[in-house]
Amino acid sequence: MTNVIEADHLGKHYRGTWALRECTLAIPAGHVAALVGPNGAGKTTLLNLAVGLAAPSAGAVTVLGGRTAGSRAALDGIAFVAQDTPVYQNLSAQDLLHLTRNLNRHFDMGYARGRLGELGIPLKRKAGKLSGGQQAQLALTLALGRRPRLLVLDEPLANLDPVARHDFMAAVMTAVAADGVSVLLSSHVLAELERVADYLILLSQGRVQLAGKAGDLLASHHMAGLEELAMAYMRETLEVAK
Amino acid sequence: MTALTMSARLGNDTDLRPVPWRRMAWVTWRQHRFALAGVAGLLGVLAAYLVFTGLPMHHAYAALTACRPAGSLACSNAIGDFDNAHWSTAEAIAVLLQVVPALIGAFAAAPVLAQELETGTFRYAWTQGIGPTRWTLAKLARISAQEVRGNVQVIS
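If you're wondering where the values come from, they're calculated on a predicted model, not measured in any experiment.

Novice: Even after reading the chapter, I still don't get the packing of helix α5 (residues 132-144) of chain A against helix α6 (residues 162-179) of chain A, so can you show me in this structure?
Specialist: Geometry of a packed helix pair, given as the angle between the helix axes and the separation of the axes. Residues and elements named next belong to chain A. Here α5 crosses α6 at 10 degrees, and the two axes come no closer than 10 Å. As summarised for this structure, α5 and α6 are arranged roughly parallel, according to the angle between their axes. The residues of α6 that touch α5, namely those facing G133, A136, Q137, L140 and L144, are A164, D167, F168, A171, V172 and A175. Partitioned by chemical class, the residues of the contact of α5 with α6 number eight nonpolar, two polar and one charged.

Dropping the structure here:
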C-alpha cells in the first residue's frame, strides 16, 4: 500500500511567520482523508505544498508513492479543486472540458460530458453564468475527468448551500466507490465530513495535532464522533495558545 | 450515475508522452482570442499605414536618386523638398515602431498572466498534468509568435 502524501518535517514560512511547521505525515492510499482545523491553521498551505503550488521552506513532501510534489509525474495523478472552485468565467462548460483535455495526457471526455448532462449543466453556457453549486460541480467534473489517483479539494463546501453541499459530497463519494480514488479534503465544516471521512488530520497553529484512521482515533480517545474529537482538540490547543 | 468503468486506468508512467505543444496553442487561442485578434488588427492597421505612406516615399526617393547632375541646384532643392515632405513622418514612424511593441506588451500580454493570479485560476491551470513551467512557456510562446508574426508583417 503506497502513501498518497508523505511529508517529512515539512514547513512553510510566509513573511515572518510559519504557516506550517514540522509537519510529518503519511496518508495511506484508499482513504477519504479530512484535513480539519480552525482558520489560519495551515490547511491551505499544506494542500498547496502537496499539489506543488508552493515550495517548502523546510523539509520535503512527496505524493503518490514518492513523487516530488508539483513534478509532472505527480501532477499527472493528482487533480486539485481549489477554494472557491476557480474556473475561467468567460469560457463555456464545453470549452473548459476541451481546455482541460488539452492540458492533460488523460481526459475522459465521455465521462465528463455524461456527468454534466446528468447534472443538467448546459454545455454551451459560460461558467460565469452558472450557479455556485453548478460551478463547483463543473470544477469537480474537470478534476474527475482526468481520472486522478488522488483528488485534493480545498474547502470545497465553504460557499455552497446545504443542498449543493450534499450533492457535491455525494458526487465525490460516487467517484470513490467507482474508481477507488483517494481523497484529501480540507474543511472547517466538520458535520459534512463526519459521514464520509475515514481518516483525519487535525491541524492547529501550523502544526499537526492529530493524524490517523478515524476508527482508531475514536477508539483510543473514547469519542463517539469525529466532530466531537476535533472540537475537543481545537479547544485544547486554543486554550494552550492563550 | 453512468457506469464509471476505469478502462484507461493510469498504470505505467513510462509510456506517457508529454502534452503536445499544439494542444496548448489551442488553449491560449481559446482564452485570449480577442486580445490576439486585437493585436493582429492593430498591427494590420499599422502595416496598411506604412504601405500607404511608404509607397509615395519610395517613389520620391527613387526619383531623387535618378536626379542628374547630382550636385546641381535643382537636385539640392529636390532633396530639400523631399526632407521637408517626409522627415517628420519618418521620425514619427520610427518612434511608433519602438513604442507599439511595448504598449502591446503592457496592455495585451501582461494581463495574460496577471488575470490568472487575480481570479485565482492559476490554481486550476498550474495543477494540470502539463505542469506550470510548460504551461507558461507555451502560453508566452504562442502570444509572442502572434506578436512576431504581426511585426514581421509590418516590417515587410
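What follows continues from the structure just given.
Novice: Mind showing me how you'd approach the sheet that holds strand β4 (residues 58-63) of chain A here?
Specialist: The strands making up a sheet associate through hydrogen bonds between their backbones, and the pairing can be parallel or antiparallel. All names here are of chain A. If you trace the four strands from one edge of the open sheet to the other, you get β2-β1-β4-β5, paired in antiparallel fashion. In the strand order of this sheet, the two ends are held by β2 (17-28) and β5 (67-68), each with one partner. By the bridge criterion, five bridges tie strand β1 (residues 3-14) to β4 in an arrangement that is antiparallel. Among the inter-strand pairings, I5 is bridged to a residue of β4, identified as V63.

Novice: I keep staring at the pattern of salt bridges and nothing clicks. Help me out?
Specialist: Two side chains of opposite charge can pair, provided their charged atoms sit close to one another. Residue and element names in this part refer to chain A. Overall, the coordinates contain five salt bridges over all chains when judged by the stated rule. For E155, the salt bridge identified is with K43, shortest N-O distance 3.9 Å. Within this pair, whereas E155 is found in the loop between β7 (150-154) and α6, its partner K43 is found in helix α1 (residues 43-51), the two being separated by 112 residues in sequence. The same class applies to E155 as to K43, namely buried. The partner of D179 in a salt bridge is R147, with the nearest N and O atoms 2.8 Å apart. Within this pair, whereas D179 is found in helix α6, its partner R147 is found in the loop between α5 and β7, the two being separated by 32 residues in sequence. Judged by its relative accessible area of 7%, R147 is buried. When salt bridges with common partners are traced through the structure, they connect D108, R147 and D179 into a single cluster.

Novice: Help me understand the state of the cysteines, please; the structure alone is not making it clear to me.
Specialist: Here is the idea: a disulfide is a covalent bond, and it sits between the sulfur atoms of two cysteines. Residues and elements named next belong to chain B. Within the structure shown, the criterion is met by one disulfide over all chains. The disulfide that involves C67 links it to C75, with 1.7 Å between the sulfurs. Disulfide C67-C75: torsion about the S-S bond near -100 degrees, hence left-handed.

Novice: What should I look at first to understand the sheet that holds strand β10 (residues 207-213) of chain A in this one?
Specialist: Residues and elements named next belong to chain A. Ordered by their spatial adjacency, six strands build an open sheet running β6-β7-β8-β3-β9-β10, and the pairing between neighbours is mixed. The sheet terminates laterally at β6 (78-81) and β10, the two strands that pair on one side only. On average, adjacent strands in this sheet sit at an angle of 15 degrees to one another, irrespective of strand direction. Judged from the four bridges that link them, β6 and β7 form a sheet pairing that is parallel. Among the inter-strand pairings, A79 is bridged to a residue of β7, identified as L151. Helix-sheet contacts for helix α8 (residues 214-221) involve β9 (199-204) and β10, and the interaxial angle to β10 is about 105 degrees.

Novice: Is there a simple way to explain α6(A) in this structure?
Specialist: For an α-helix, the turn length of 3.6 residues means that residues three or four places apart are oriented alike. All names here are of chain A. In this model, α6 (18 residues) spans 26 Å end to end at C-alpha, consistent with the 26 Å of a helix rising 1.5 Å per residue. Here α6 has its buried residues at A164, R165, F168, M169, A171, V172, A175, V176 and D179. Projected down its long axis, α6 carries its buried residues within an arc of 150 degrees, all on one side. Set apart from the buried face of α6 by more than 90 degrees, the exposed residues are P162, V163 and A177. Here the buried face of α6 lies against β3 (32-36), α4 (109-119), α5, β7, β8 (182-187) and α7 (190-194). Of the residues flanking the start of α6, the one acting as N-cap is D161, its side-chain oxygen 3.1 Å from the backbone nitrogen of V163. G180 lies just past α6 and shows a positive phi near 70 degrees.

Novice: I tried to follow the pairing of β9(A) on my own but got confused; where do I start?
Specialist: Residues in a regular strand point their side chains to alternate faces of the sheet. Residues and elements named next belong to chain A. Of all six residues making up β9, six are buried, and the element is well covered by its neighbours. Here β9 shows two buried faces, one formed by Y199, I201 and L203 and the other by L200, L202 and S204. Direction of pairing for β3 relative to β9: parallel, over a ladder of four bridges. Each residue of the ladder has a partner; that of A33, found in β9, is Y199. Pairing geometry for β9 and β10, over six bridges, is antiparallel. The partner of L200 across the bridge, within β10, is G212. Hairpin connection between β9 and β10: a loop of two residues separates the two successive antiparallel strands, and Q205 in this loop has a positive phi of roughly 55 degrees.

Calculation criteria
- Residues numbered from 1 in each chain as written.
- Chains lettered and ligands numbered in written order.
- Predicted model: local features only at pLDDT ≥ 70, side-chain atom pairs only at ≥ 80, totals over all residues.
- Heavy atoms only, no water.
- Axes fitted to C-alpha atoms, helices over the stretch in contact; angles between N-to-C directions.
- Helix = DSSP H or I, 4+ residues; strand = E, 2+ residues; numbered from the N terminus.
- Parallel < 35°, antiparallel > 145°, perpendicular 65-115°, else oblique.
- Contact = heavy atoms within 4.5 Å.
- Nonpolar A, V, L, I, M, F, W, Y, C, P; charged D, E, K, R; others polar.
- Pairing = 2+ DSSP bridges.
- Salt bridge = Lys/Arg side-chain N within 4 Å of Asp/Glu carboxyl O.
- Buried < 20%, exposed > 50% of the residue type's maximum accessible area, 1.4 Å probe, protein only.
- Disulfide = S-S within 2.5 Å.
- Expected span 1.5 Å × (residues − 1).
- Arc of directions from axis to C-beta.
- Polar contact = N/O pair within 3.5 Å; in protein donor to acceptor, adjacent residues only side chain to side chain.

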